[in-house]
Amino acid sequence: MAVLQPAPLTVYFDGSCPLCQREIGFYRRMPAAQALGWVDVSQPAELGAGLDCRSAMARFHVRDAQGQLFSGAAAFSQLWRQLPGWRWLGWLSAAPPVSWLAELAYRAFLPVRPWIQRGLNRWLGASAHGR
């Protein structure tokens, strides 16, 4: 009997966010993404130790195969390292001072994310109705 190996990375994403859906959809279309675990935190799901739904909805998170949890810019860095063509950015964004700047940029993005989501929802709604 084969022993199931954990995914090299589990990605926790907000499937209710149109911006997040588009970005995650982009990553998931890559062949290497098939080996990763994908958990929509807007739906009831077991998130594992150290992560609750509120936290998962507030910031981007990933968990590696050893169970270590990463959030924010560090989570993106971990994800990019799993994807050919993006690995260089994953390694670059993990090294100080780039990692510090990436986290600052991520934290600056978080307060404007709801406005971007609302704008994208309006735009998608208008384009769906042919406006």
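Everything quoted here is computed from the prediction, not taken from an experiment.

Engineer: With reference to specific residues and values, describe the layout of surface pockets.
Structural biologist: By volume, the largest pocket is sized at about 270 Å³. Residue composition of the lining of the largest pocket, by class: twelve nonpolar, no polar and four charged.

Engineer: Talk me through the sheet that holds strand β4 (residues 69–71); I want residue IDs and the actual numbers.
Structural biologist: Spatially, β2-β1-β3-β4 is the arrangement adopted by the four strands of the open sheet, whose pairing is mixed. Each of the sheet's edge strands pairs with one partner strand only, and the pair in question is β2 (37–40) and β4. Across this sheet, the average inter-strand angle for adjacent strands is 20 degrees, counted without regard to direction. Sheet analysis places strand β1 (residues 9–13) next to β2, joined by four bridges and oriented parallel. Across the sheet, residue Thr10 finds its bridge partner in β2, namely Gly37. Sheet contacts for helix α3 (residues 73–81): β1, β2, β3 (61–64) and β4; angle to β4, the most-contacted strand, approximately 115 degrees.

Engineer: Just give me the short version of the packing of α3 against helix α4 (residues 87–94), but keep the residues and values in it.
Structural biologist: Running from amino to carboxyl end, α3 crosses α4 at an angle of 150 degrees, the nearest separation of the two axes being 7 Å. Taken as axis vectors, α3 and α4 run roughly antiparallel relative to one another. Helix-helix and strand crossings are classified by hand; for α3 and α4 the assignment is left-handed. Residues Ser77, Trp80 and Arg81 of α3 form the contact with α4, whose participating residues are Arg87, Leu89, Gly90, Trp91, Ser93 and Ala94. Across the contact of α3 with α4, the residue classes tally to four nonpolar, three polar and two charged.

Engineer: Hey, could you go over the state of the cysteines for me, with residue numbers and the actual values?
Structural biologist: Enumeration over the complete set of coordinates arrives at zero disulfides. A disulfide-free cysteine, Cys53 has its sulfur positioned 13 Å from the sulfur of Cys20, the nearest such atom.

Engineer: Before we move on, could you go through the nonpolar core and cite the residues and values that matter?
Structural biologist: In terms of nonpolar packing, the biggest core is built from 19 residues, with Val11, Tyr27, Trp38, Phe60 and Leu79 touching the most fellow members. Listed by contribution, the elements that provide at least two residues to this core are β1, α1 (18–28) and α3. Looking at which element gives the most residues to this core, the answer is α3, with five residues. Not counting the four nearest positions on each side in its chain, Trp38 is found in contact with Val11, Phe13, Ile24, Tyr27, Arg28, Ala33 and Leu79. If you look at the next biggest cluster of nonpolar residues, it comprises six residues, including Tyr12, Val39, Leu47 and Ala56.

Conventions adopted
- Residues numbered from 1 in each chain as written.
- Predicted model: local features only at pLDDT ≥ 70, side-chain atom pairs only at ≥ 80, totals over all residues.
- Heavy atoms only, no water.
- 1 Å grid on protein atoms, 1.4 Å probe; cavity = no way out; pocket = protein on both sides within 12 Å on 5 of 7 lines; lining within 4 Å.
- Points joined across faces, edges and corners; volume = space filled by probe spheres on them.
- Nonpolar A, V, L, I, M, F, W, Y, C, P; charged D, E, K, R; others polar.
- Pairing = 2+ DSSP bridges.
- Helix = DSSP H or I, 4+ residues; strand = E, 2+ residues; numbered from the N terminus.
- Axes fitted to C-alpha atoms, helices over the stretch in contact; angles between N-to-C directions.
- Contact = heavy atoms within 4.5 Å.
- Parallel < 35°, antiparallel > 145°, perpendicular 65-115°, else oblique.
- Left-handed = near helix turned anticlockwise from the far one by under 90°.
- Disulfide = S-S within 2.5 Å.
- Core = buried A, V, L, I, M, F, W, Y, C linked by side-chain atoms within 4.5 Å.
- Buried < 20%, exposed > 50% of the residue type's maximum accessible area, 1.4 Å probe, protein only.

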